[in-house]
Amino acid sequence: MESWVGHEVPRLPGRGGPLRLYDSARQGVHPSDPDGPATMYVCGITPYDATHLGHAATMITFDLVQRMWRDTGHEVRYVQNVTDIDDPLLERADRDGEDWKVLAMRETALFREDMEALRIIPPEHYVGAVESIPDIAEKVLVLLKDGAAYRLEDGTGDVYFDISAAPRFGYESNLSRDEMLEIFPERGGDPDRAGKRDPLDPLLWRGARDGEPSWPGGELGPGRPGWHIECAVIALGLLGSTIDVQGGGNDLLFPHHECSAAHAERLTGAAPFADHYVHAGMIGLDGEKMSKSRGNLVFVSRLRADRVDPMAVRLALLSGHYRADRSWTEDLLTVAEERLRRWRRAAAAPAGPSGEAFLASVRDRLTDDLDSPGALRLADEWADQALAGVAEDPAGPALFAATLDALLGLRL
């Protein structure tokens, strides 16, 4: 599957310090400074609807991770998936009387356009679930033969992962069993499915059903993959048995990331699957949770169609810390638009405060668990001084603009 078109990232003088990130498993901030190439897998969209601000905030978060690694001098190997076959996609296509493949292709194309507009550096590999099915089926069969998975005896052909084969299950999310059982059905799990060994066992392979698409599975029989094994297999195949960051929204912490890590660790014997499990907060609307069921999703494409500057959208989302659940409001966008106007005026000044001091201070903020609100305050202070006539550095405005572009993805 093709990714979106990237853009040139300015080269900054010097190098940033090691990035420190919050790891959900260890529940604390720890250095992320790999010895070799930095590896990251981020869970992408299920393309049954347009890119909303929650998707945008998540992708911006991991765009910052990639930018900071690059600024430190790391080569970055970044993989993102597209879950282009799953129940929500089929349900939406059925509701609208549309071919699921056409729906998936259209929304994936729109997502690419939104990512380009928001200046997200594209992944090295952008991979669909459908194209990965042969590899996934092979790995499900490995788990079956290893005794870590089992077939239901109801003739459906469904295969489940046995969580008893993952003795550390729960280490990533730090949830109690009761908490897991409460969340599991809310996020795609089926704890009441008859024939399962444990209510928390996740689906690996869904046997073919009448009226549903299916693919050859070899010894598994025809069917399609479960969600969690999809991400595990794609990541293992392209990044190796362990990675530096597994990322996504905080709604993926359990069961998705917990289960995909369990699958990967059982397949390879290497643990932990990720050095850092990094999760972005949710975006609400005017104080309420943003969700398709509430009908209050704000779409990036709609904002673009209304001629909102994508840089203002990005800046508004950067104004809150990535781990915080936060709300989108019209005021938030208005403030971001005004900020952009002031920063652009400041960047056009013939001289300004020290650009090197500004770069150093922004690097300091962003290497501290991506403190984007702190970095934006520093930009406000620099712009205030430049607009007030401080003109000590003729190169200051150019480095001010380049710093915002390279590290925060904000083109002035």
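Residues numbered from 1 in each chain as written. Predicted model: local features only at pLDDT ≥ 70, side-chain atom pairs only at ≥ 80, totals over all residues. Heavy atoms only, no water.

**Q** Which parts of the structure should I look at to understand the pairing of strand β4 (residues 76-82)?
**A** Side chains on a regular strand alternate between the two faces of the sheet. Within β4, six of the seven residues are buried, which leaves the element mostly enclosed by the surrounding structure. Alignment of strand β3 (residues 38-42) against β4, held across five bridges, turns out to be parallel. Each residue of the ladder has a partner; that of Thr 39, found in β4, is Arg 77. Of the crossover connections in this fold, the one passing from β3 over helix α1 (residues 53-72) to the parallel β4 is right-handed. When β4 meets strand β5 (residues 125-128), the two strands line up parallel, connected through four bridges. Across the sheet, the residue bridging to Gln 80 is Tyr 126, located in β5. (Buried < 20%, exposed > 50% of the residue type's maximum accessible area, 1.4 Å probe, protein only. Helix = DSSP H or I, 4+ residues; strand = E, 2+ residues; numbered from the N terminus. Pairing = 2+ DSSP bridges. Right-handed = clockwise from strand over helix to strand, strands pointing away.)

**Q** Sorry, what's going on with the sheet that holds β4 here?
**A** For sheets, the rule is that strands pair by backbone hydrogen bonds, running either parallel or antiparallel. Taken together, five strands build an open sheet; the order of strands is β5-β4-β3-β10-β11 and the sheet is parallel. One side of each edge strand has no neighbouring strand; the edge strands of this open sheet are β5 and β11 (274-280). The mean angle between the axes of side-by-side strands here comes to 20 degrees, regardless of whether they run parallel or antiparallel. (Axes fitted to C-alpha atoms, helices over the stretch in contact; angles between N-to-C directions.)

**Q** Could you clarify how one ought to interpret the pattern of salt bridges in this entry?
**A** Summed over all chains, the structure comprises 35 salt bridges. Arg 314 is paired through a salt bridge with Asp 63; the nearest N and O atoms lie 2.6 Å apart. Of this pair, Arg 314 sits in helix α9 (residues 310-318) while Asp 63 sits in helix α1, and the two are 251 residues apart along the sequence. Asp 63 gets classed as buried once you look at its relative accessible area, which sits at 2%. Here the salt bridges do not stand alone but share partners, grouping Arg 20, Asp 364, Arg 365, Asp 368 and Asp 371 into one network. (Salt bridge = Lys/Arg side-chain N within 4 Å of Asp/Glu carboxyl O.)

**Q** Looking at this model, I keep getting lost on the sheet that holds strand β6 (residues 149-151). Mind explaining?
**A** Read from one edge of the open sheet, four strands run β6-β7-β8-β9, paired in antiparallel fashion. Two strands in the sheet have a free side with no partner beyond their single neighbour: β6 and β9 (223-225). Looking at each pair of strands side by side, their axes are set apart by 15 degrees on average, direction ignored. In terms of strand pairing, β6 meets strand β7 (residues 159-161) through three bridges, oriented antiparallel. By the bridge assignment for β7, Ala 149 is matched with Phe 161.

**Q** I tried to follow the packing of aromatic side chains on my own but got confused; where do I start?
**A** Each aromatic ring pair is characterised by the separation of its centres together with the angle its planes make. Tallied over the full model, the rule gives eleven aromatic pairs. For the pair Trp 343 and Phe 400, a centre-to-centre distance of 6.5 Å together with 85 degrees between the ring planes defines the contact as edge-to-face. With Trp 343 in helix α10 (residues 330-347) and Phe 400 in helix α13 (residues 396-408), this pair connects stretches of sequence that are 57 residues apart. Accessibility classification places Trp 343 together with Phe 400 in one group, the buried group. Judged by centre distance (6.4 Å) and plane angle (50 degrees), the ring pair of Phe 358 and Trp 382 falls under tilted. One end of the pair, Phe 358, is in helix α11 (residues 355-367); the other, Trp 382, is in helix α12 (residues 372-387), and 24 residues separate them in sequence. Joined through ring pairs, the aromatic side chains of Trp 343, Phe 358, Trp 382 and Phe 400 make up one cluster. Stacked on the ring of Tyr 171, the Lys or Arg Arg 168 has its end atom at 3.9 Å from the ring centre. Across from the ring centre of Tyr 22, 4.1 Å away, lies the NZ or CZ of Arg 323, which sits over that ring. (Phe/Tyr/Trp six-rings, centres within 6.5 Å; stacked < 30°, edge-to-face > 60°. Lys NZ or Arg CZ within 6 Å of the ring centre and 35° of its normal.)

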